[in-house]
Amino acid sequence: MDPQLTEVSQLFERFKAACVREDVDTGSNLLSKLKVMLTGFRSLPPLFEDTPNAIHELTLARDIYEHAVLLSVKIGDQDAFERDFFQLKPYYTDASGRLPPSSQEYMILGLNLLRLLVQNRIAEFHTELELLSPTALENPCIKHAVELEQSFMEGAYNRVLSAKQTVPYKTYDYFMDLLAKTVRDEIAGCSEKAYDYLSISDARQTLLFSSDDELLQYINEEHPEWEIKNGVVIFQKAKESAPCKEIPSLQLINQTLSYARELERIV
Amino acid sequence: MALRRKLKAQVLCAFLNFALSPGSEPHNRLAAHLPKEDEHEMEFDTATSVSQSPVKHPLPELEIYCYLLVLIYLIDQKKYSEAKACSSASVARLKNLNRRTVDVLASRLYFYYSLSYELTGDLAEIRGNLLALHRIATLRHDELGQETLLNLLLRNYLHYNLYDQAEKLRSKAPRFEAHSNQQFCRYLFYLGKIRTIQLEYTDAKESLLQAARKAPVAALGFRVQCNKWAIIVRLLLGEIPERTVFMQKGMENALRPYFELTNAVRIGDLELFKSVAEKFSTTFSSDRTHNLIVRLRHNVIRTGLRNISISYSRISLADVAKKLRLDTANPVADAESIVAKAIRDGAIDATIDHANGWMVSKETGDIYSTNEPQIAFNSRIAFCLNMHNDAVRALRFPPNSHKEKESAEKRRERQQQEQELAKHIAEEDDDEF
């Protein structure tokens, strides 16, 4: 086999071992070295040349990037995830005809969808969704992300949080935690407008805190305008508009002047 | 179009023999694509042409036109692989030509080139070629070619659902006044599709409706597609299209699934929506609108909720869940969160009483006592005035064509009349003094 190829494979084995050990520092170092070595291969994107070892090199590179993606999830680095995922994508789309399908493909695609949802990039979420074939949409990982997005849009937040229990893989936990935080902010915003007041226990339940202290802390930090009286949280409603409102005179004057000007133009 | 129906092998052979001298290279290449059914006639033709004027220098335009005719003939005969070969040859030939007079023919050729590849399912192959051609057209300031190629590229990307790349190309490509109405319609349609997927429904609605309006009446299939997407976008925006949209001539059958879908959304019934979506799922998948239909579920719930909030002053959340037919594990809690979100988004005007578990709708109040009518009137007035200004601006360019048609006689007559009028006015002035 190609000496370069063997070297890369050995380094890759060490990298995998580091990941299993949860040794992120060694893992990151080895990953950077691997990426530099991968630039030596000419059969990888964007060149896609047809060298004798092409299939082997492509498979190896794809595995390396998949592990890189999973490592970035472990570290919790979303930028690195995005970078590695973009490098991984050509392997799934363009090279899919030449390589055997990867076992982790759907899991990583689902992770990406989840990441876009957490970052509130819904337009890109849907664009990515369009790229998936109908068979891909049946896969549990992808289905999980799609149903999550639906529940999020509809506002059934309790379904979102209960979906946390049904994650297909453990790696999803990181994003689910972030999602929980976003959901909590949303629920708080909705509750503000929808309820006049809520008892402390109800508020705790809706916002999904485990104890009253956490709830009080959250309110103090995020929503100081909520009042707490007699064990009841009172949301500040917008002041009812006074019966005699001011006439927006400036606006009316501007409008009338523009009408006069335009009418003047009509010969 | 009438010519297209008359294209037959013999007619084409005869034309090729007439236009291009028989022994020449382009003739051989093109004639190779035509079926050698009438061997006898071919020989007869060559015999006669030899006796005619020996050498003809064909104009390149004539050659390209011949290519175009052969290509159309092959596509009509469903000989797609041969059409592919012919079109690739023609594009290679076009790259060498740099004449503005060929541009119009060239753009039709590009279109059929892309069509022949699409019919054989190989669109991805020509993407690089189309991009190179677009570059060349831009360099040569061939605006019609640029337009056509941009549309072909967008169609290429959208065929494979690569909305991201399509948008990137569209935003960076140079834009200018549309030369051809048909190309502009196509561009608006592709733009509308991209915007729909990117969740920008207002822009999408504008583009799609404009495309449907500008399209020529004969382009029924195109208008049907535009209307399908326009209906879905309007549903996603929360407005219900009128019944007349579905009853347009020739489109009733095609739009039937969408009509039933609109019904389900209008009533706000989730069960009906689900059954309609399942019933017509094949139609929706072939139209590639399946993902958009899934997004409509949220709208169905909203509409149902709005109906409930208007009809009831106070209703328990359990009843809300039952009426909405939410079929989930915990309907009451779901209903509560959905109602809370709807209130936050401003879709309904109500409050929730958590302790008693019911929803209280607020009084709608008298709208006429607020500024709402004033604002609505203002927007309508501004629109009319804008339209008037645009019309006046469009009128400013004098119709140049009429001036040329004026013959010498008429001009003399007119000048005579003007002179007489001037004399008349001068006399009047004199009289007054």
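Only a predicted model underlies this, so the values are computations on that prediction, with no experimental measurement involved. (Residues numbered from 1 in each chain as written. Chains lettered and ligands numbered in written order. Predicted model: local features only at pLDDT ≥ 70, side-chain atom pairs only at ≥ 80, totals over all residues. Heavy atoms only, no water.)

## Details of the sheet that holds strand S3 (residues 232-234) of chain A
Residues and elements named next belong to chain A. What the three strands build is an open sheet, ordered S1-S3-S2; its pairing is antiparallel. The sheet is open, and its two edges are formed by strand S1 (197-199) and strand S2 (227-229), each paired on a single side. In this sheet, neighbouring strand axes are inclined to one another by 25 degrees on average, regardless of whether the strands run parallel or antiparallel. In this sheet, S3 lies alongside S2 in antiparallel orientation, the contact comprising three bridges. By the bridge assignment, Glu 227 is partnered in S3 with Ile 234. (Pairing = 2+ DSSP bridges. Helix = DSSP H or I, 4+ residues; strand = E, 2+ residues; numbered from the N terminus. Axes fitted to C-alpha atoms, helices over the stretch in contact; angles between N-to-C directions.)

## Section: the packing of helix H4 (residues 78-93) of chain A against helix H5 (residues 105-118) of chain A
Each pair of packed helices gets described by two things: the angle between the helix axes and the distance between those axes. Residue and element names in this part refer to chain A. Direction vectors running N to C along H4 and H5 enclose 135 degrees, while the axes themselves pass 11 Å from each other. What the angle tells us is that H4 and H5 run oblique. Note on packing geometry: the crossing formed by H4 with H5 is left-handed. Residue-level inspection shows Gln 78, Phe 81, Glu 82, Phe 85, Leu 88 and Tyr 92 of H4 in contact with H5, the latter providing Glu 105, Ile 108, Leu 109, Leu 111, Asn 112 and Arg 115. When grouped by side-chain class, the residues that make up the contact of H4 with H5 number seven nonpolar, two polar and three charged. (Parallel < 35°, antiparallel > 145°, perpendicular 65-115°, else oblique. Left-handed = near helix turned anticlockwise from the far one by under 90°. Contact = heavy atoms within 4.5 Å. Nonpolar A, V, L, I, M, F, W, Y, C, P; charged D, E, K, R; others polar.)

## Considerations on the interface of chain B and chain A
Quite often, the size of an interface is put as the accessible area lost when its parts meet. The interface of chain B with chain A comprises 38 residues on the first partner and 36 residues on the second. Summing the contributions of chain B and of chain A, the shared interface buries around 3,400 Å²; its carbon and sulfur component is 54%. Applying the counting rule to chain B against chain A returns one salt bridge. For Glu 186 of chain A, the salt bridge goes to Arg 344 of chain B, with nearest N and O atoms at 2.7 Å. There are seven residue pairs in polar contact (both at pLDDT 80 or more) connecting chain B and chain A. For the side of chain B that touches chain A, the secondary-structure elements that each account for two or more residues are helix H10 (163-172), helix H18 (290-311), helix H20 (331-345), strand S2 (350-353) and helix H21 (372-395) of chain B. (Buried area = accessible area lost by both parts, 1.4 Å probe. Salt bridge = Lys/Arg side-chain N within 4 Å of Asp/Glu carboxyl O. Polar contact = N/O pair within 3.5 Å; in protein donor to acceptor, adjacent residues only side chain to side chain.)

## Structural notes on the confidence of the model for chain B
Residue and element names in this part refer to chain B. Model confidence for chain B is summarised by a mean pLDDT of 79, while 85% of its residues fall at 70 or above. Of the regions scoring below 50 in pLDDT, residues 37-55 engages in seven contacts with residues more than four places distant in sequence or in other chains. Among the scores for the predicted complex, ipTM is 0.74 and pTM is 0.76. (pLDDT = per-residue confidence, 0-100.)

## Thoughts on the side chain of Arg 62 of chain A
All names here are of chain A. Along the chain, the position of Arg 62 falls in helix H3 (residues 54-75). One buried charged side chain, Arg 62, makes no salt bridge at all; its nearest oppositely charged neighbour is Glu 66, positioned 4.2 Å away. Residue contacts for Arg 62: discarding those within four places in its chain leaves Leu 88, Tyr 91, Tyr 92, Leu 99, Pro 100, Pro 101 and Ser 102. (Buried < 20%, exposed > 50% of the residue type's maximum accessible area, 1.4 Å probe, protein only. Lys, Arg positive; Asp, Glu negative; His and termini not counted.)

## Points about helix H13 (residues 249-265) of chain A
Along its 17 residues, H13 of chain A runs 25 Å from first to last C-alpha, staying within 8% of the 24 Å computed at 1.5 Å per residue. Of all the positions in H13 of chain A, only Gln 255, Tyr 259 and Glu 262 of chain A are classed as buried. Looking straight down H13 of chain A, one finds that the buried residues subtend no more than 75 degrees of arc, so they occupy a single side. Exposed positions of H13 of chain A whose direction lies more than 90 degrees from the buried face are Leu 250, Leu 257 and Glu 264 of chain A. Elements that come into contact with the buried residues of H13 of chain A comprise H21 of chain B. (Expected span 1.5 Å × (residues − 1). Arc of directions from axis to C-beta.)

## As for the packing of helix H6 (residues 80-96) of chain B against helix H7 (residues 103-120) of chain B
Residues and elements named next belong to chain B. Contact pair H6 / H7: the axes reach a minimum separation of 9 Å and the direction vectors enclose 145 degrees. Judged by the twist between their axes, the crossing of H6 over H7 is left-handed. In this structure, H6 uses Tyr 80, Ser 81, Ala 83, Lys 84, Ser 87, Ser 88, Ser 90, Val 91 and Leu 94 to contact H7, whose residues at the interface are Ala 106, Leu 109, Tyr 110, Tyr 113, Ser 116, Tyr 117, Leu 119 and Thr 120. Of the residues contributing to the contact of H6 with H7, the split by class is ten nonpolar, six polar and one charged.

## Side note on empty space enclosed by the protein
In this approach a probe as big as a water molecule rolls over the atoms, and the regions it shows empty are the leftover space. Residue and element names in this part refer to chain B. If you walk through the whole model with that rule in mind, you get five cavities of 30 Å³ or more. Space inside the largest cavity adds up to approximately 140 Å³. Lining the largest cavity are 15 residues, with Leu 94, Leu 97, Asp 103, Tyr 110 and Arg 140 positioned closest to its centre. For the lining of the largest cavity, the secondary structure elements donating two or more residues are H6, H7 and helix H8 (127-139). Taken together, the residues of the lining of the largest cavity break down into eight nonpolar, one polar and six charged. If you add up the space inside the second largest cavity, you get close to 110 Å³. (1 Å grid on protein atoms, 1.4 Å probe; cavity = no way out; pocket = protein on both sides within 12 Å on 5 of 7 lines; lining within 4 Å. Points joined across faces, edges and corners; volume = space filled by probe spheres on them.)

## Things to note about the packing of aromatic side chains
What characterises a pair of aromatic rings is the spacing of the ring centres plus the angle enclosed by the ring planes. In total, this model carries ten aromatic pairs over all chains according to the counting rule given. On the basis of an interplanar angle of 70 degrees and a centroid distance of 5.3 Å, the ring pair of Phe 111 of chain B and Tyr 112 of chain B is categorised as edge-to-face. Residue classification places Tyr 112 of chain B among the buried positions, given a relative accessible area of 7%. Here Phe 246 of chain B and Phe 259 of chain B contribute two aromatic rings whose centre-to-centre distance is 5.2 Å and whose plane-to-plane angle is 65 degrees, an arrangement assigned as edge-to-face. Pair noted here: Phe 246 of chain B is in helix H14 (residues 243-246) and Phe 259 of chain B is in helix H15 (residues 252-267), with a separation of 13 residues, a long-range link. Chaining the aromatic ring pairs together yields one cluster made of Phe 81, Phe 85, Tyr 174 and Phe 175 of chain A. The ring of Trp 358 of chain B is capped by Arg 314 of chain B, whose NZ or CZ atom sits 4.4 Å from the centre of that ring. (Phe/Tyr/Trp six-rings, centres within 6.5 Å; stacked < 30°, edge-to-face > 60°. Lys NZ or Arg CZ within 6 Å of the ring centre and 35° of its normal.)

## So, the pattern of salt bridges
Counted by the stated rule, this structure contains 24 salt bridges over all chains. Residues Arg 155 of chain B and Glu 118 of chain B are paired through a salt bridge, measuring 2.8 Å at the closest nitrogen-oxygen approach. Here Glu 118 of chain B lies in helix H7 and Arg 155 of chain B lies in helix H9 (residues 143-159), a separation of 37 residues in the sequence. Within this structure, Glu 186 of chain A together with Arg 302, Lys 341, Arg 344 and Asp 345 of chain B form a network of salt bridges that share partners.

## Details of helix H11 (residues 181-197) of chain B
Residues and elements named next belong to chain B. Over its 17 residues, H11 extends 25 Å from the first C-alpha to the last, a length consistent with the 24 Å expected when each residue adds 1.5 Å. Judged by how many residues are buried, H11 sits mostly within the fold: 14 of 17 residues are covered. Directly beyond the C-terminal end of H11, a positive phi value near 70 degrees is found at Leu 199.

## Description of the sheet that holds S2 of chain B
All names here are of chain B. The strand order across the open sheet formed by three strands is S1-S3-S2, and the pairing between neighbours is antiparallel. Taken across any chain shown, the strands that pair with only one partner, and hence form the sheet edges, are strand S1 (314-316) and S2. Across this sheet, the average inter-strand angle for adjacent strands is 20 degrees, counted without regard to direction. Pairing of S1 with strand S3 (residues 358-361), which is carried by three bridges, proceeds in the antiparallel orientation.

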